[in-house]
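Understanding the architecture of this molecule
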Amino acid sequence: MAGNYMKIELISNDIIAETSSKGNQEKWFNKDINKWYKIDQFGYEALSEVMTSTLLNLSNIKLDTPFSFVTYDIGKFNVHNKELTGCFSNNFLQEGYSIITLSTLYKKMLKTPLSALLSRLSSDIKRIEYLAETTAELTGLTMFPQYLTLLFEVDSMVLNDDRHLNNIAVLEHDGKYDYCPIFDNGAGFMSNVMLSPMDINPKALIKDLKARPFNTTFNRQVNAAHKLYGPQLSMPRLSNTAIADMVEPLLEYYPERDRSYIKERVLATLRR
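Quick look at the structure, then.

So, how was this worked out
Residues numbered from 1 in each chain as written. Predicted model: local features only at pLDDT ≥ 70, side-chain atom pairs only at ≥ 80, totals over all residues. Heavy atoms only, no water. Buried < 20%, exposed > 50% of the residue type's maximum accessible area, 1.4 Å probe, protein only. Helix = DSSP H or I, 4+ residues; strand = E, 2+ residues; numbered from the N terminus. Arc of directions from axis to C-beta. Contact = heavy atoms within 4.5 Å. Axes fitted to C-alpha atoms, helices over the stretch in contact; angles between N-to-C directions. Left-handed = near helix turned anticlockwise from the far one by under 90°. Nonpolar A, V, L, I, M, F, W, Y, C, P; charged D, E, K, R; others polar. Phe/Tyr/Trp six-rings, centres within 6.5 Å; stacked < 30°, edge-to-face > 60°. Core = buried A, V, L, I, M, F, W, Y, C linked by side-chain atoms within 4.5 Å.

1. Here's the deal with helix α3 (residues 102-110)
Think of an α-helix as turning once every 3.6 residues; residues three or four places apart then point the same way. When we look at burial in α3, the residues that qualify are Leu102, Leu105 and Tyr106. For α3, the angular spread of buried residues about the axis comes to 90°, placing them on one side. Opposite the packed face of α3, turned more than 90 degrees from it, sit the exposed residues Lys107 and Lys108. Tucked into the core, α3 has its buried residues touching β7 (98-101), α4 (114-119), α5 (124-139), α6 (144-158), β8 (169-173) and β9 (176-179). One or two steps after α3, the chain reaches Lys111, where phi turns positive at roughly 60°.

Quick look at the structure:
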């Protein structure tokens, strides 16, 4: 596979560049082919994105829910005269649609920062209930509580610790709203090696991870949502062999010295 890398020239001056919420992960939109590209910045974000969408393809989301998710592919790209690993996806925004984060939505419609509104509440259950029910009222999306629960379940499955209030969003078109496809799971599987160094045992790293947006444990956040709205995500039971078969082709995009560490992190994440 190493000899078959996809080569795409990406130059910030020619293609729209953006940054990620955690810093300066570069993203490009190529309007000619209607695709987004995102380059690894802190570790193996592309592997996390692709692995997450591969898992979700096995789930009940597209079959049994009104929700959807973005499918990612991995590649090698020539960026700023360097060959870098990244991922790419189709642009899910139809013409005239915009992504509105919940932080933006609440500030616009309630004139108060969402973080301030949530900080007044005394428990995770109360915060989740407020966020879910108020967003449903503001947008008319009656199943937003179920959607929020699903987000938390996906984050817990892959240990995505970057679901802050600017990373939960809805779609808007002419004043009407729709559910945003699940995307931006690059922080999953302990992919940020600056925060989760390769030489630390995955089990030790998992113990210190916190779920956002409420800075609690993943289990506690999911359990609180389940008490309110019930489970939403259904996944088949996967063996270690099945998981390894999914991740092995993706590992070839990373240095050989890191592959066993990344593989063990993926296995440790999904075993829990």
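2. What about the packing of α3 against α5?
At their nearest, the axes of α3 and α5 sit 11 Å apart, and the two run at 60° to each other. The two elements α3 and α5 cross, and the hand of that crossing is left-handed. Where α3 approaches α5, its residues Leu102, Leu105, Tyr106, Met109 and Leu110 are matched on the opposing element by Tyr130, Leu131, Thr134, Thr135, Leu138 and Thr139. Considering only residue class, the contact of α3 with α5 consists of eight nonpolar, three polar and no charged.

3. Digging into the packing of aromatic side chains
Under the counting rule described, the total for this entry stands at twelve aromatic pairs. Taking 5.2 Å as the distance between ring centres and 40° as the angle between the ring planes, the aromatic pair formed by Phe29 and Trp36 counts as tilted. A residue is classified by how much of its surface remains accessible, and Phe29, at 17% relative accessible area, is buried. Feature note: the residues Phe67, Phe144, Tyr147 and Tyr179 constitute an aromatic cluster, connected by ring pairs.

4. Quick notes on the nonpolar core
Membership of the largest hydrophobic core comes to 70 residues, with the highest contact counts inside it found for Leu47, Met51, Leu102, Leu131, Phe144 and Val266. Ranked by residue count, the leading element in this core is α6, at nine residues. When residues no more than four places from it in sequence are discounted, the contact partners of Met51 are Phe189, Ile243, Met246, Val247, Leu250, Val266 and Leu270.

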